[in-house]
Amino acid sequence: MTEKPQWLVREEAGIPVLVALALRQRLGIKVPAELPPLRDHPRRAFDDGEADDALERQWRAYWEMTVEPVTHPSATPLELIDGFETIVALPARGAERLRTAIMPFAADVLHYAKDAQQRYARSVSGTGDPYRAYAAALAEFERDTGRRAHSFELNVHVLPLAQRGIWRIGAFSIAVTDTLRHDPVDFDTAIRPVIAEVA
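Conventions adopted
Residues numbered from 1 in each chain as written. Predicted model: local features only at pLDDT ≥ 70, side-chain atom pairs only at ≥ 80, totals over all residues. Heavy atoms only, no water. Helix = DSSP H or I, 4+ residues; strand = E, 2+ residues; numbered from the N terminus. Rg over C-alpha atoms; globule rule 2.2 N^0.38 Å. Buried < 20%, exposed > 50% of the residue type's maximum accessible area, 1.4 Å probe, protein only. Contact = heavy atoms within 4.5 Å. Areas by Shrake-Rupley, 256 points an atom, 1.4 Å probe, with all protein chains shown as cover. Lys, Arg positive; Asp, Glu negative; His and termini not counted. Charge placed at Lys NZ, Arg CZ, Asp CG, Glu CD. Axes fitted to C-alpha atoms, helices over the stretch in contact; angles between N-to-C directions. Parallel < 35°, antiparallel > 145°, perpendicular 65-115°, else oblique. Left-handed = near helix turned anticlockwise from the far one by under 90°. Nonpolar A, V, L, I, M, F, W, Y, C, P; charged D, E, K, R; others polar. Salt bridge = Lys/Arg side-chain N within 4 Å of Asp/Glu carboxyl O.

(A) Fine view of the overall build of the chain. Within the chain one finds seven helices and six strands. Going residue by residue from the N terminus, the α and β elements of the chain occur as β-α-α-β-β-α-α-α-β-β-β-α-α. Relative to the 2.2 N^0.38 estimate, which gives 16 Å for 199 residues, the radius of gyration of the chain is 18 Å and therefore close to what a compact globule would have. C-alpha extents for the chain along the principal axes are approximately 55 × 35 × 30 Å. Classification of the 199 residues of the chain by burial places 44% in the buried group. A sequence separation of at least 24 residues applies to 60% of the contacts in the chain between residues at least 6 apart. Summing over all exposed atoms, the chain offers an accessible surface of approximately 10,600 Å²; the carbon and sulfur share of this is 53%. Side chains of the chain carry 24 positive and 29 negative charges; the gap between the two charge centres is 2 Å.

(B) Geometry of the environment of Ala-107. Note on placement: Ala-107 falls in helix 4 (residues 106-124). Taking relative accessible area as the criterion, Ala-107 reaches 60% and is therefore assigned exposed. Here the alpha-carbon distance between Ala-107 and Thr-86, two residues 21 residues apart in the chain, equals 13 Å.

(C) Molecular detail of the packing of helix 1 (residues 15-27) against helix 4. For the pair helix 1 and helix 4, interaxial distance at closest approach is 9 Å and the crossing angle is 135°. Relative to helix 4, the element helix 1 is oriented oblique. As helix 1 runs across helix 4, the sense of the crossing is right-handed. Along the contact surface, helix 1 presents Ile-15, Leu-18, Val-19, Ala-22, Leu-23 and Arg-26, while helix 4 presents Asp-108, Val-109, Leu-110, Tyr-112, Ala-113, Lys-114, Ala-116 and Gln-117. The residue inventory of the contact of helix 1 with helix 4, partitioned by class, reads ten nonpolar, one polar and three charged.

(D) Broad picture of the pattern of salt bridges. Counting across every chain of the model gives 14 salt bridges. The salt bridge involving Arg-164 is made with Asp-183; its shortest N-O contact spans 2.9 Å. In this pair, Arg-164 is assigned in the loop between strand 4 (152-159) and strand 5 (166-170) and Asp-183 in the loop between helix 6 (178-181) and helix 7 (184-198), connecting sequence segments 19 residues apart. Since its relative accessible area comes to 39%, Arg-164 is described here as partly exposed. On the basis of relative accessibility, which here comes to 23%, the residue Asp-183 falls in the partly exposed class. One salt bridge in this structure joins Asp-186 and Arg-164, with 2.8 Å as the shortest N-O distance. Residue Asp-186 is located in helix 7, and its partner Arg-164 is located in the loop between strand 4 and strand 5; the two are separated by 22 residues in the primary sequence.

Take a look at the structure:
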């Protein structure tokens, strides 16, 4: 007897991801280049060039570890960073430049991320089944292809990004603008190719 394929979609506006993106803006980091900045959060204002290569490389490793910690584990033990509660942990070795650079922004970045997460939570409370769009896209995929979807896992990060759209940010993760997520018709259309890709 074969097991029925299983699918799992997790949708959230996770504080760790919001913090990582807010720090990206504060540090002037440009990667991932396709991912737009956050709305209503300051960008690096001083004109002393872009973030150096070491800082960008260390942030990128932190970003990957934050988005998909199982896929991108740290090679060394992690240490919590003062001022970020239990939200930011960096490798004990190899993240020195990043550790020093982010500490001045802790209070502002945490405030921004918690506020954004609360706005998301309010926006989805009482709106019915938030997973209806995923189930509908999956049903349409199965109808169109004539086969059951493979088992898959998808993490959906609903973020206050400055540009409307969907971006892949990991092997099992996407980012979607909050304004698109709260537009049922456009989101249904936008999520279908993503479901088709993973299913």
